[in-house]
Amino acid sequence: MGIFTAEFIGTALMILIGNGVVATCVLKGTKCGEGGHWLIITTAWAFAVFVGVVVAGESSGAHLNPVVTLGLAFANKVQWELVPIYFAGEFLGAMFGALLVWIVYKDHFAITEDENAKRACFCTSPAIAKYSSNFVSEMIGSFVLIFVILHITSASLTMSVDSNAQIGLGSIGALPVAILVWAIGLALGSTTGYAINPARDLSPRIVLSLLPLKVSADWSYAWVPVCGPVAGGLLAAMAYNMLYLIS
């Protein structure tokens, strides 16, 4: 597979499984029942990342997240000319995954009256809507994600599609990344739903706005799970570069 195809499929699977479990937990009439536990959702998202990385890892490094792509690029682990290809696969893959969630749970969306529950199956929202604090939460969570990933990917192997890039996430095994996402979700995710990924939030939010669900996509909040992760990822890459420059 090429980079675009791998990122598209991997990200679509991640969104399908991650948001699919949210739908299972919050929509009316599912066999799981409403009111799913936060532990179930964070664990499911960890497994969703695991699945995506397993599928895309060998071909693209399985970024599945524009912030991961940016962080690796700023750390000189991915060539900048490949960044738009990664972005295209990630954002479009997330849209397709969100569409699949709606197709699978269409009947349950139809009988669910809670607008917040239906929105949660696509994108994140804050527990306490204070955008400055929400931004900081997303920034810190994304800093941890990228800073740790940059250390995970420091082994001296290369991707076949780019001989100048150090190995991608999937090349060293998907489990460490899944555990990392799980830990971030449990420790830092309950304030905002821990998007820590612009594609994971923005693309499904766009799909939500296009579907006949009559649910507000809450565009006033949409900048937070995009800008917060980008800021955190860039800070992590800067910190990583400074640490290894000093050493």
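Parameters and conventions
Residues numbered from 1 in each chain as written. Predicted model: local features only at pLDDT ≥ 70, side-chain atom pairs only at ≥ 80, totals over all residues. Heavy atoms only, no water. Salt bridge = Lys/Arg side-chain N within 4 Å of Asp/Glu carboxyl O. Helix = DSSP H or I, 4+ residues; strand = E, 2+ residues; numbered from the N terminus. Buried < 20%, exposed > 50% of the residue type's maximum accessible area, 1.4 Å probe, protein only. Lys, Arg positive; Asp, Glu negative; His and termini not counted. Polar contact = N/O pair within 3.5 Å; in protein donor to acceptor, adjacent residues only side chain to side chain. Contact = heavy atoms within 4.5 Å.

The subject of this paragraph is the pattern of salt bridges. Taken as a whole, this structure holds two salt bridges when the rule is applied. Across the salt bridge formed by Glu115 and Arg119, the nearest N and O atoms sit 3.1 Å from each other. Within this pair, Glu115 and its partner Arg119 are both found in helix α6 (residues 115-120), separated by four residues, close to a single helical turn. A relative accessible area of 34% places Glu115 in the partly exposed class. Residue Arg119 is classed as buried on the basis of its relative accessible area, which comes to 9%.

Right, let's talk about the side chain of Arg200 for a bit. Within the element layout of this structure, Arg200 appears in helix α9 (residues 198-210). Despite being buried, Arg200 has no salt bridge partner; Asp201 is the closest side chain of opposite charge, sitting 4.7 Å away. At a separation of 3.3 Å, a polar atom in the side chain of Arg200 contacts the side chain of Asn19. Among all residues touching Arg200, those that are not within four sequence positions of it are Ile15, Asn19, Trp45, Phe122, Cys123, Thr124 and Ala195.

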